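Descriptive analysis of the structure
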Amino acid sequence: MKLKKIKNRIFVDPLYNKKSNYYKRVGYFSGTFDPFHNGHKEVIKLVLDYVDEVWVQPHNFNPKKNPIDIAHRMYMISLAIEDLPNVYLLDYPQKLSRDKYKLMKDFEKGVEGLIVVDIIGQDHLKKTIEREVMRDTCCVTRRDFQMIQHPRIKLIKGDHEAVSSSKIREQIKLRNCKNLELDSRILAYILENRLYQ
């Protein structure tokens, strides 16, 4: 695998048949991000104390969701993270990203020295534990969360309130855009492109 950084994007070429060197501990943060909101950004900021970099990747794999085009979501993420050091939008073929656990393992196998840490919110914690976690994981929780002990999971308490992308979409559809937990540039982009309306 070959890695290439351009501004706040990291491109990974899975067809490059030589092993690259990249001695970093990287947090992998994937989700629908429809849209990417301040809660997502807060998760990244908290996790940066435990990893060298964070790679963010939107996906389309939840059968219960019908997100807007991935190009819009990638652009919104790039706006939100452009002021965060060591945070990159991961540009990697979607068809090769369906199983995030396999993807993280493939990255570590194809890149010498790379350690990938899974980043999850507390809503994914139970499912992660049931899958018998086999890799380091950072789980960002709300302040009132009952702490658990797990050898592979680092629980990080955040000060943020729960933010819901679906509620943000509802508010935009109702044209009630005041006090949304969105970066102002993302909101301007959403309105300019008539997304979620």
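Scroll up to find the structure.
Notes on the structure follow. From a predicted model like this one, the values you see are computed outputs, not experimental measurements. (Residues numbered from 1 in each chain as written. Predicted model: local features only at pLDDT ≥ 70, side-chain atom pairs only at ≥ 80, totals over all residues. Heavy atoms only, no water.)

**Details of the nonpolar core**
Grouped together as the largest cluster of nonpolar side chains are 36 residues, with contacts concentrated most on Ile44, Val47 and Val54. At the level of secondary structure, the elements contributing two or more residues to this core comprise helix 1 (38-47), strand 5 (53-58), helix 2 (70-81), strand 6 (87-91), strand 8 (115-121), strand 9 (137-141), helix 5 (165-173) and helix 6 (184-192). Once you skip the residues sitting within four places of it in the chain, Val54 turns out to touch Gly27, Phe29, Ile44, Val47, Leu48, Asn86, Val87, Tyr88 and Ile119. Core analysis: the next-biggest nonpolar cluster, separate from the first, contains 17 residues, Leu3, Val26, Trp55 and Leu114 among them. (Core = buried A, V, L, I, M, F, W, Y, C linked by side-chain atoms within 4.5 Å. Buried < 20%, exposed > 50% of the residue type's maximum accessible area, 1.4 Å probe, protein only. Helix = DSSP H or I, 4+ residues; strand = E, 2+ residues; numbered from the N terminus. Contact = heavy atoms within 4.5 Å.)

**A look at the packing of aromatic side chains**
Here the structure, examined in full by the defined rule, presents six aromatic pairs. A ring pair is formed by Phe29 and Phe33, whose centres lie 5.1 Å apart and whose planes are at 70 degrees; its orientation type is edge-to-face. Exposure class is identical for Phe29 and Phe33. Each is buried. Seen in terms of ring centroids, Trp55 and Phe107 are 5.8 Å apart; in terms of plane orientation they differ by 75 degrees. Their pairing is edge-to-face. Of this pair, Trp55 sits in strand 5 while Phe107 sits in helix 3 (residues 100-110), and the two are 52 residues apart along the sequence. (Phe/Tyr/Trp six-rings, centres within 6.5 Å; stacked < 30°, edge-to-face > 60°.)

**Points about the sheet that holds strand 1 (residues 2-6)**
One open sheet holds the eight strands; their spatial order is 1-2-6-5-4-8-9-10, and the pairing between them is mixed. The open sheet is flanked by strand 1 and strand 10 (153-157), the only strands paired with a single partner. Looking at each pair of strands side by side, their axes are set apart by 30 degrees on average, direction ignored. Sheet topology places strand 4 (residues 25-31) next to strand 5; six bridges connect them, and they run parallel. (Pairing = 2+ DSSP bridges. Axes fitted to C-alpha atoms, helices over the stretch in contact; angles between N-to-C directions.)

**Examining unusual backbone geometry**
The omega torsion across Asp34 and Pro35 is 5 degrees, close enough to zero to call that bond cis. With respect to the element layout, Pro35 can be found in the loop between strand 4 and helix 1. You will see that Arg194, though not glycine, has its phi angle at about 55 degrees, which is positive. Residues other than glycine seldom take positive phi values, yet Tyr196 does so here, at roughly 65 degrees. Here Tyr196 is to be found in the segment after helix 6.

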